[in-house]
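# Summary of structural features
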Amino acid sequence: YHLDRGNSYINVGALEAWYALAEATVTALFGAALLYATMNKSRRHTFYAPKTIRQYVDEWHWETRTVARIGTGQDAARAHTCTSFAARYLPAAKVKAWLAAHWTAWEEDPPVWYTAAWRRKVGKNLREEWPRAASGRSSAQRGPREIERAETREGRAESIARRS
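Conventions we followed
- Each chain has its residues counted from 1, following the order in which its sequence is written.
- Totals for whole chains, interfaces and linings use all residues, but because this is a predicted model, local features are given only for residues with pLDDT of at least 70 and pairs of side-chain atoms are given and counted only at 80 or more.
- Side-chain descriptors were evaluated using all non-hydrogen atoms of the structure, hydrogens and water having been removed beforehand.
- Patch membership needs two things, relative accessible area over 30% and no salt bridge, and members are linked within 9 Å if like-charged or within 5 Å if nonpolar (Val, Leu, Ile, Met, Phe, Trp, Tyr).
- Accessible surface area values rest on a Shrake-Rupley calculation with a 1.4 Å probe, where residue burial reflects the displayed protein chains alone.
- Here, a salt bridge means any side-chain nitrogen of Lys or Arg that lies within 4 Å of a carboxyl oxygen of Asp or Glu.
- Numbering goes from the N terminus for both helices and strands, where a helix is a DSSP run of H or I of at least four residues and a strand is a run of E of at least two.
- Burial classes: relative accessible area under 20% of the type maximum marks a residue as buried, over 50% as exposed, and values in between as partly exposed (1.4 Å probe, protein chains only).
- Under this definition, polar contacts are N or O atom pairs within 3.5 Å; protein pairs additionally need one hydrogen-donor-capable and one acceptor-capable atom, and for neighbouring residues in sequence, both atoms have to be side-chain atoms.
- For this analysis, residues touch if any pair of their heavy atoms sits within 4.5 Å.
- Within a predicted model, pLDDT stands for the predictor's per-residue confidence, ranging from 0 to 100.
- By construction, the arc corresponds to the directions joining the helix axis to the C-beta atoms.

## Quick word on a nonpolar patch on the surface
On the surface, a nonpolar cluster with roughly 390 Å² of combined accessible area is contributed by L35, F47 and Y48. Position of L35 among the secondary structure elements: in helix 1 (residues 14–38). Overall, the relative accessible area of 41% leaves L35 in the partly exposed class.

The following block contains the structure:
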């Protein structure tokens, strides 16, 4: 093996490379054993827990997180979560309830993150779950053609769901 070192090369034989790998492995295992031995025994179970992406998004991003790139507070963190993950990973019932509970208040007194771009993104990501967010306007502000198109989309989604 040849390691480039600027203008010169270092030649490393196969045996030396295996020794270096073995030393690194032993050091890593020793570190893991030391971590495990010094860890608080009552908290060892919290060190690692296998979760699906849906569980992770629900438990951490939806319920716990309070700081996001678009602002601080649980609403800002949830708003960021709605636009950062595909709809299939979001807790649909919680998202629906959260949007329904806050949408009107946000239209009257919009938070910093409640922008047209955010509403479009939410509408794109959650079209089936929240038709009103699709255009970023309330149903009172939408024209009859837009409402008809939304109803047609909902009808198509229902017929596709029935077929599968």
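## Some thoughts on the side chain of H61
Mapped onto the elements of the fold, H61 is located in helix 2 (residues 53–64). By relative accessible area, which is 10% here, H61 ends up buried. Looking at H61, its side chain comes within polar contact range of the side chain of Y56, at 3.3 Å. Apart from the residues lying within four places of it in its own chain, the contact partners of H61 are Y56, T81 and F85.

## Here we look at the environment of R69
With respect to the helices and strands, R69 occurs in the loop between strand 3 (67–68) and strand 4 (71–72). When its relative accessible area of 76% is taken as the criterion, R69 is described as exposed.

## Notes on the side chain of R78
Within the fold, R78 resides in helix 3 (residues 74–84). Owing to a relative accessible area of 13%, R78 belongs among the buried residues under this scheme. Here R78 is in contact with W62, E63 and W98, once residues within four sequence places are set aside.

## Some remarks on the confidence of the model for the protein
For the protein, mean pLDDT is 79; residues scoring 70 or higher make up 71% of the total. Helix 6 (residues 131–135) is the least confidently modelled element of the protein, averaging 45 in pLDDT, while helix 1 averages 93, the highest of any element.

## A word on helix 2
Within helix 2 the residues assigned to the buried category are V57, H61 and W62. Down the axis of helix 2, the buried set is contained in an arc of 85 degrees. They therefore lie on one face. Contacts made by the buried residues of helix 2 are with helix 3 and helix 4 (92–108).

## Points about the pattern of salt bridges
Evaluation of the coordinates by the stated rule reveals 4 salt bridges. Put simply, D58 and K94 hold a salt bridge, and the shortest N to O gap is 2.8 Å. Of this pair, D58 sits in helix 2 while K94 sits in helix 4, and the two are 36 residues apart along the sequence. When salt bridges with common partners are traced through the structure, they connect D58, E63, R78 and K94 into a single cluster.

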